[in-house]
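Each chain, letter by letter, is given below.
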Amino acid sequence: MVHMVGSTQILEQMNRRAIMAPYLWLLPPVMGLCLLNGSIETLSLLLDDSHRQLIVRVISELRLPRVLVAALVGASLGMAGLLLQTLTRNPLADPGIIGVNQGAALAVVAGMLILPDLSPHWLPLFGVLGSVTSMALLWLLSRGTAAIALILMGVGLSSLLSALIGCLLILSETQRLAMVMTWLAGSFATANDTVLLTTLGWSLVLLPASWLLCQRLGPLMLDPLSSRMLGARTGTIEFLCLLMACVLGAVAVAAAGTLGFVGLLAPHIARRLHPPQPEKLGLPVLGYGALLAMLADLLGRSLLAPVQLPAGLMLAILGVPLFILLLLWQQRIRGA
Amino acid sequence: MNKHAIRATNLRVGYRGTLLIDEGRLEFPAGHISVLLGANGSGKSTLLKALAGLHPLQGGQVWIGDENLAATPARRLAQRLAFLPQHPNAPETLTVTELVMLGRYPYRRPFLPPSREDRAAVEEALSQTDLHDLSERSLGTLSGGQRQRAWLAMVLAQQSDILMLDEPTSYLDLSHQYDLLNLIWQLNREQGKTLVLVLHDLNLAFEFADHLIYMKGGRICAQGSPAATANPELIEEIFGLHCEIRPHPQAFCPLLIPLAGQRNRRQVAMPAPPPVLCSDKCD
């Protein structure tokens, strides 16, 4: 008995302290790897004087925007997932699962197809419009019911919206269809300076704001009665969380399409490695979200090079097994 | 100091159309332990939630001290009144200290680390509940009794004058039920906190309560001290339980002896089976 307690304590301490902030020491090498790797072999050319200028341009003009957009999108989606999971007190919630991302995607696709000359600067606004509308609908429908009802209705809404996107794509016959399809699968291939600037502008406001919001979410860890009795203004906090999750999801969708699983995976990884308070999960979730998106993009463009796989597909192919392993590990620990 | 910690007038509480509680006047004396008693579904928990502002009122008013509950901001209310629900829930990986620190939420300034007062209140709550040795353990590794003490510590860290506990002893074995109630009694006697509890065990209620409130079908049938209210007719009326009340041989309180068990009565007439000795098995 004494030994058992001892070993669980050691395991906890390892969880909490020994692996201190892995996201911090993983970010720089992964970012470097993403910048150097790709369809062109960079490192050898970088050492060669005659090609150095060209390669520096490739890295700074093509890859840097792409990698930064991936990091921002991943961080946004991770944070949106954390907010929704904390709010619904359910680890299943994710902007991609409850239809927030699909709502944003529908509006963005409509914008792209109806107004082909639209500047990418405006896409996040379309996305916000779409995601807030779908969330408002969901909120009205599930008002007064348990949190799981919101998730279940969200799953339905998500399918419905995906179908509507499909209809829209079939009805429209433009040469932009292929590009829209790639974007929809969740890809950073279209990321350029314009996308980067737009995403960066929104993220500079949203990510710090959402981190601040996390600082006030502590009571939501507890059951609804306890959190209300601690004086948390749960109504206001819930509204802010939903709104923030919608806007974060929409900005991510406008930049890189419907990228699944980051919002689900990043909070789960963070919870395994860090204390469970939302105020302490904010930064790790941003970090793991960014790492996941950058790694997915890196693998997508280098695994079968010169074929470019969208990051969204890579995330599903690699993220799903990782997610299942994580769940099994969690079950094993709880069962032991 | 106000004589009544909590007062309710013309209280009407219900769920969609059905009125559960309709009471003209209800008072909880300050500095006393009040216990709500009644069968399952008699409205004890609903009444407690309504008094804590967790259940919308269909009519009437609740006064916490001299403040109207409806006009009290949530933060201010949390500093005056702490509530422990029947099924509290927190992440299993949360440590005891982290849980207790959440009790400081109504006092914490946003976006700043815990103040010296916050840390002192957490320390005090941990020592009152004797949890210092377990303070860094996560909730998932605690036993039921330890976990309940951790929740009590969280509520104590709120440093409120009034504590409301909804069935704090359910899921605890008898000796842990006594540990918890002794602790609650001590808090009441040493710090003058007003306590309102829901309990199911009548004998525990007789032993620890100053003031009993008997409920049936959403109505309050009787109120008063244990000695004044414990009589077999009332218990039969409220719980439908045939029983006998005797003076407790040790404590100065009534003792209830249920007479509903058919098995024991039959055994009086029949010779008892010989005891099975298992000394060879449990050596």
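The rules we used
Residues numbered from 1 in each chain as written. Chains lettered and ligands numbered in written order. Predicted model: local features only at pLDDT ≥ 70, side-chain atom pairs only at ≥ 80, totals over all residues. Heavy atoms only, no water. Helix = DSSP H or I, 4+ residues; strand = E, 2+ residues; numbered from the N terminus. Buried < 20%, exposed > 50% of the residue type's maximum accessible area, 1.4 Å probe, protein only. Contact = heavy atoms within 4.5 Å. Areas by Shrake-Rupley, 256 points an atom, 1.4 Å probe, with all protein chains shown as cover. Polar contact = N/O pair within 3.5 Å; in protein donor to acceptor, adjacent residues only side chain to side chain. UniProt positions renumbered as here; feature names shortened; annotations may be inferred. Buried area = accessible area lost by both parts, 1.4 Å probe. Salt bridge = Lys/Arg side-chain N within 4 Å of Asp/Glu carboxyl O. Disulfide = S-S within 2.5 Å.

Secondary structure assignment for chain A yields 14 helices and zero strands. When its helices and strands are written in sequence order, chain A yields α-α-α-α-α-α-α-α-α-α-α-α-α-α. Taking all 336 residues of chain A together, 51% fall into the buried category. Long-range contacts, defined as pairs at least 24 residues apart, comprise 77% of the intrachain contacts of chain A with a sequence gap of at least 6. Roughly 15,500 Å² of accessible area belongs to chain A as shown, and the carbon and sulfur atoms make up 73% of that amount.

All names here are of chain A. Note that Asn90 resides in the loop between helix H4 (49–88) and helix H5 (100–114). Among the polar contacts made by the side chain of Asn90, one reaches the main-chain amide nitrogen of Leu92 at a distance of 2.8 Å. Filtering out sequence-adjacent residues up to four positions away, Asn90 remains in contact with Gln85, Ile148 and Ile151.

Residues and elements named next belong to chain A. Per the UniProt record, the feature "transmembrane region" (unreviewed entry) sits at residues 23–47, 67–84, 96–115, 121–141, 148–171, 194–214, 235–261 and 311–329. Here residues 148–171 runs as 100% helix and 0% strand, with 35 Å between its end C-alpha atoms. Summarising residues 194–214: 100% helix, 0% strand, and an end-to-end C-alpha distance of 30 Å.

Turning our eyes to something else, we now look at the interface of chain A and chain B. The partner chain B presents 35 residues to the 26 residues of chain A that form the contact. Surface buried jointly by chain A and chain B totals about 2,600 Å² across both partners, of which 63% is contributed by carbon and sulfur atoms. Inspection of the region where chain A meets chain B yields zero salt bridges. Counting across the interface, chain A meets chain B through three residue pairs in polar contact (both at pLDDT 80 or more). Among the secondary structure elements, those contributing two or more residues to the side of chain A that touches chain B are helix H1 (2–18) and helix H10 (224–229) of chain A.

Below, the discussion takes up the state of the cysteines. Residues and elements named next belong to chain A. What the rule picks out here adds up to zero disulfides over all chains. The thiol of Cys214 is unpaired, and the distance to the nearest cysteine sulfur, on Cys241, comes to 7.5 Å. The exposure class assigned to Cys214 is buried, which follows from its relative accessible area of 0%.

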